Amino acid sequence: MTIVDLMHHFVQDAMPIAVPLCVVVGAALLWRRTRRASAVVQLVGSTLILYAMIVNQFWWHSNGLDAVRSEPVRISMDIAMFLGFLLFAVSYLLYAVRQLRI
C-alpha cells in the first residue's frame, strides 16, 4: 500500500467523522464554559451533523444491508444534515453578535 493509498483512505474514511467530532467537542467545551443557550444550540447542531456523517459512512460502507440503505434512513440523514448546519450557523452567529455587544 502506497502513501497515496493511505492518504486516500484517511481522507475518505477518517476525516468525515473526525472533523464533526472535533466540532462537537468544541461546542461541548463552549457550553461548559459559558452556559448560554446559543452554545447549547451549537452543541445540538453539531451533534446532528455528526449523526448525519456517521449514517453516511454506514450508508457507503454497508454491503447489502437493506436496513442501512433504506429510504427512511437516507431521509433522516438529509434532515439531520440540513437542521444541523442551519442550527449551528444561526447559533454561531447569535453567539458572535452577543459577544460583540459585551
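Thresholds, definitions, all that
Residues numbered from 1 in each chain as written. Predicted model: local features only at pLDDT ≥ 70, side-chain atom pairs only at ≥ 80, totals over all residues. Heavy atoms only, no water. Helix = DSSP H or I, 4+ residues; strand = E, 2+ residues; numbered from the N terminus. Rg over C-alpha atoms; globule rule 2.2 N^0.38 Å. Buried < 20%, exposed > 50% of the residue type's maximum accessible area, 1.4 Å probe, protein only. Areas by Shrake-Rupley, 256 points an atom, 1.4 Å probe, with all protein chains shown as cover. Lys, Arg positive; Asp, Glu negative; His and termini not counted. Charge placed at Lys NZ, Arg CZ, Asp CG, Glu CD. Contact = heavy atoms within 4.5 Å. Axes fitted to C-alpha atoms, helices over the stretch in contact; angles between N-to-C directions. Parallel < 35°, antiparallel > 145°, perpendicular 65-115°, else oblique. Left-handed = near helix turned anticlockwise from the far one by under 90°. Phe/Tyr/Trp six-rings, centres within 6.5 Å; stacked < 30°, edge-to-face > 60°. Lys NZ or Arg CZ within 6 Å of the ring centre and 35° of its normal.

### Considerations on the overall build of the protein
Working step 1: The number of helices and strands found in the protein is three helices and zero strands.
Working step 2: Taken from N to C terminus, the helices and strands of the protein fall in the order α-α-α.
Working step 3: In summary, the protein has a C-alpha radius of gyration of 17 Å against a globular reference of 13 Å for 102 residues, an excess of more than 25%.
Working step 4: Projected onto the principal axes, the alpha-carbon positions of the protein cover approximately 50 × 35 × 20 Å.
Working step 5: Classification of the 102 residues of the protein by burial places 23% in the buried group.
Working step 6: When the accessible surface of the protein is summed, it comes to about 7,200 Å², and 74% of that surface belongs to carbon and sulfur atoms.
Working step 7: Where the 8 positive side-chain charges of the protein centre and where its 5 negative ones centre are 28 Å apart.

### Thoughts on the side chain of S46
Working step 1: Its place among the elements puts S46 in helix α2 (residues 37-61).
Working step 2: Residues within four places of S46 in sequence aside, it is in contact with V23, V24, A27 and F88.

### A word on the packing of α2 against helix α3 (residues 71-101)
Working step 1: At a minimum axis distance of 7 Å, the contact between α2 and α3 shows a crossing angle of 150 degrees. Between α2 and α3, the angle is such that the two are roughly antiparallel. The element α2 and its partner α3 pack so that their crossing is left-handed.

### Examining the packing of aromatic side chains
Working step 1: Enumeration according to the criterion identifies one aromatic pair in this entry.
Working step 2: Consider the rings of F88 and Y92, whose centres lie 6.2 Å apart with planes at 20 degrees: the pair is stacked. Within this pair, F88 and its partner Y92 are both found in helix α3, separated by four residues, close to a single helical turn.
Working step 3: Above the ring of W31, the side-chain terminus of R35 is found at 4.3 Å from the ring centroid.

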